[in-house]
Amino acid sequence: MIMTSTGPAIVVDRLRKRYGAFTAVDDISFTVEQGEVFAFLGPNGAGKSTTAEVIETIRAPTSGTVTVLGMDVGKRKAQVVRRIGVLPQNFSSFDRITVRESLQYYARVFGCDADIDALMDLTNLRDRSAARFNTLSGGLKQRLGIAVALVNDPEILFLDEPTTGLDPQARRQVWDVLKGLKDRGKTVFLTTHYMEEAELLADTVAIISRGRIVAIDSPVRLTEAHADQMRLTLKSIDAAAADLLRNLGFAPVPVGEGGLCVPVETPDDVRRILDEIAASGLALGGVDVRKPNLEEVFLKLTAAKPATDVGDHAR
Amino acid sequence: MTPRIIHANLGVRLRSFYRERSAMFFTFAFPVILVLVFGTIFTKPEHLNFDLPVQDNSGSAASARLLEALAAGAAFRVVVVPVAVDATQYAKDHKLNLLLVIPKDFEALQKQRVAGAQAGVPVPIRYVYDPSSTAVETKIQLLDGVVAAANQTAAGTPPALTLVAASILSKRYRFIDFFVPGIIAMAIMTSCLSNALNMNAELRQKGILRKLATTPITRADWLASSIVYQLILSVISTVAILLVSYFVFDVRLHIGFWLPLIIVVEVIAFVGIGMLLTPFAKEAESASAVANAFLFPMMFLSGTFFPVEMMPAFLQAFAKLLPLYYVNEALRSAMIFVDDAATLRAVAVIAAFAAVVFVAGTFKTRWDEST
Ligand SMILES: Nc1ncnc2c1ncn2[C@@H]1O[C@H](COP(=O)(O)OP(=O)(O)O)[C@@H](O)[C@H]1O
Ligand SMILES: [Mg+2]
């Protein structure tokens, strides 16, 4: 039976998941197209894993429907499972089983003769193929997890926080593997709380906060829509500069080591400020212009609303 | 249920087991060590004797002959109680559950009896005993036999009826013969329950179960894998126990088709119990606590180390509710008594028990949500 699906990879419709009285995922809907990398970005406890696990068929939703490659996850678990690959959060394998044996095990379980060597090459694990799982570093464990998730050549890959807890170098190595997968056109559902990761890898980012999706778009458009300012940082500048900038209509904010941070609208603003400083002869240690990034959008959208608001209205 | 998946699971579990020396030790070496230790302690013959305190008020040739007969019987070791004391008080003071009192006129009475003057009148020998003691009954029965025989010999008349001590056993058996089937049953139970619980807790805690839930493995595959895995370990362990007991203690048990069959039903029953208990053993620490809470009472009350008949009646009744009791019954019926009917009855009880456990297990939480 050959099934070629042309529709969306994942459709989540009004999904809700409660744990007892606590609502972990609250009425969320989104669509993941085939071939895209979809990042679910949110702080810890936002409901990322819960959502992923419902889509992966291992948790039953409280309400709402989830379709994967056109199949309802509640009704066709057996078929769905064969066509997805999952890297669970904190992936772990059998302690005393080697890298190669783990891959062989999962390949057998799926009943497919995966090219184990190719998978180890892809995840850069070839030289550790005889190492037992409990001797691997965090980054190697995650890469093994990704290789294991690929044994059945899945159409959709789920990666739940693939780089959490890794050191910067290990993280970069995992990203290299993921970029390779993106280039091969795999559909990827990625959860993360690192903006950098989402920005680097994702075609679409959904920001989730306390069980609700607060924004969903491409990283570029999200930044454009929600972070409307550039930031100019003037390092080790004369204290008199603050007054000068205020007179020009800007709102400088002091930052560390005698610096000033100035929100600006356009590149022209930057040139004007630098010209004025040069003309007035003020000392300047250095300049840094930062484009708005996802981090600012994220912080802005996921910031806790002050709880006192409600109390004030009640009075 | 997919043979391919069961095969894959077995590969991983057997490799993990082989590479974990402490698991190997507890599964294979521990039961063998128990056999060696208990075998060494209990095969010494004097442990089979009872002390028998005797107050000989007669002090005659006749009473000496009786004492000789008692000592010769190998069942008793005669301990002399001074004549001067009050027998009842002495028994109380020394916490004796049985004391034999030979009357002053023992010889005279015996002569009268032989002379035919008072034919049929028994020679009164008094037992002072503690009726609350469970062991005393056995002693008295044994004593009755020996005294009767001794009396008849002493009287010089051939007995009208001879009581031939016909054992219900096919041959005389020693404690170690009784003990070995118990250890086999215990080793299999321990391995099934604690391995199942510890493995599950470990897999759950490390999130491997969550990963497995996203593969085509079903609950049935998992259970079947556990059963086959435990069967392999159980067969190895049983063979090791039997070989050691044969070569060290010359234990010759009857090994027929019942033994493998009993191993299979025992493994299924205890893997099933392990499955029912997993929700109570989510962490590695609680897993061994839960396992021990089941294993220890089971071990001591089901007749592993001593016959349940030695326990008070209410504990005997309780033992009959425990699955391990029936495994012990089955193994001993098959391997010592060679009693097919009794074996079949016990096997049927275990099989019924296993069936109930599995039906209960399928109503339990789903395999994915339970992770
Ligand atoms: N099995 C569970 N039972 C009860 N609460 C849970 C369970 N799993 C997760 N939660 C709660 O649901 C919320 C969302 O969890 P999760 O989806 O794991 O968040 P994330 O992956 O975004 O960190 C958290 O507050 C968490 O404590
Ligand atoms: Mg999570």
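Scroll up a little and you will see the structure.
Residues numbered from 1 in each chain as written. Chains lettered and ligands numbered in written order. Predicted model: local features only at pLDDT ≥ 70, side-chain atom pairs only at ≥ 80, totals over all residues. Heavy atoms only, no water.

A.B. asks: Mind showing me how you'd approach the sheet that holds strand β13 (residues 259–264) of chain A here?
C.D. replies: Backbone hydrogen bonds are what pair the strands of a sheet, in a parallel or an antiparallel way. Residue and element names in this part refer to chain A. Pairing in this open sheet of 4 strands is antiparallel, and the strands run β12-β13-β11-β14 from one edge to the other. Across the chains shown, the open sheet's two edge strands, defined by having one partner strand only, are β12 (253–255) and β14 (286–290). Each neighbouring strand pair of the sheet contributes to a mean axis angle of 25°, computed without reference to strand direction. As judged from the 3 bridges shared by β12 and β13, these two strands associate in the antiparallel manner. Bridge pairing links V253 to C261 in β13. Of the strands in this sheet, β11 (230–235), β13 and β14 touch helix α10 (residues 267–280), which is tilted by about 20° from β11. (Pairing = 2+ DSSP bridges. Helix = DSSP H or I, 4+ residues; strand = E, 2+ residues; numbered from the N terminus. Axes fitted to C-alpha atoms, helices over the stretch in contact; angles between N-to-C directions. Contact = heavy atoms within 4.5 Å.)

A.B. asks: I would appreciate a short explanation of unusual backbone geometry in the present structure.
C.D. replies: Keep in mind that most residues, glycine aside, have a negative phi and that most peptide bonds are trans. Unlike most non-glycine residues, D27 of chain A shows phi in positive territory, near 60°. Tracing the chain through its elements places D27 of chain A in strand β2 (residues 22–32). Despite not being glycine, V338 of chain B has its phi angle at roughly 50°, a positive value. Here V338 of chain B lies in the loop between α13 (323–337) and α14 (340–362). On the basis of relative accessibility, which here comes to 41%, the residue V338 of chain B falls in the partly exposed class. (Buried < 20%, exposed > 50% of the residue type's maximum accessible area, 1.4 Å probe, protein only.)

A.B. asks: Would you explain the packing of helix α2 (residues 21–42) of chain B against helix α9 (residues 219–249) of chain B in this entry?
C.D. replies: Each pair of packed helices can be summarised by the angle the axes make with each other and by the distance between the axes. All names here are of chain B. Between α2 and α9, the least distance of the axes is 9 Å, while the angle of their chain directions is 25°. With respect to their mutual orientation, α2 and α9 come out roughly parallel. In this structure, α2 crosses over α9, and the sense of that crossing is right-handed. For the pair α2 and α9, contact is made by T27, F28, P31, V32, V35, L36, G39 and T40 and by L233, I236, S237, A240, I241, V244, S245, V248 and F249, respectively. (Parallel < 35°, antiparallel > 145°, perpendicular 65-115°, else oblique. Left-handed = near helix turned anticlockwise from the far one by under 90°.)

A.B. asks: Where do I start with the coordination of the magnesium ion (ligand 2) in this structure?
C.D. replies: Of the protein atoms, only S49 of chain A (OG) and Q89 of chain A (OE1) coordinate the magnesium ion (ligand 2), at distances of 2.0 to 2.1 Å. Taken as a pair, S49 of chain A in helix α1 (residues 48–55) and Q89 of chain A in the loop between β6 (84–87) and α3 (99–110) lie far apart in primary sequence, 40 residues in all. (Donors = N, O, S within 2.8 Å, 3.2 Å for Na, K, Ca; no water.)

A.B. asks: What should I look at first to understand the site of ligand 1 in this one?
C.D. replies: Residue and element names in this part refer to chain A. By nearness alone, every residue bordering ligand 1 is listed as Y19, F22, A24, P43, N44, G45, A46, G47, K48, S49 and T50. Separating an oxygen atom of ligand 1 from a backbone N or O atom of G45 is a distance of 2.7 Å. In this structure, an oxygen atom belonging to ligand 1 sits 3.0 Å away from a main-chain N or O atom of G47. Breaking the shell around ligand 1 down by element, the ones donating at least two residues are β2 and α1. Among the elements that take part in the shell around ligand 1, α1 stands out by supplying 3 residues, more than any other. (Near = heavy atom within 4 Å. Polar contact = N/O pair within 3.5 Å; in protein donor to acceptor, adjacent residues only side chain to side chain.)

A.B. asks: Any chance you could explain the environment of M195 of chain A here in plain terms?
C.D. replies: Residues and elements named next belong to chain A. Checked against the element boundaries, M195 lands in helix α7 (residues 195–201). Given a relative accessible area of 12%, M195 falls into the buried group. Between the C-alpha atom of M195 and that of I273, which follows or precedes it by 78 residues, the distance is 30 Å. Excluding its chain neighbours within four sequence positions, the residues that come into contact with M195 are L41, L294, E295 and F298.

A.B. asks: Whenever I open this one, the pairing of strand β7 (residues 156–160) of chain A confuses me. Can you help?
C.D. replies: In regular strands, side chains alternate between the two faces of the sheet. All names here are of chain A. For β7, a buried count of 5 out of 5 residues is recorded, marking the element as mostly surrounded by other parts of the structure. Side chains I156, F158 and D160 project from β7 onto one buried face, and the interleaved L157 and L159 project onto a second face that is buried too. One ladder, built from 4 bridges, connects β6 with β7; its direction is parallel. Among the inter-strand pairings, L87 is bridged to a residue of β7, identified as L159.

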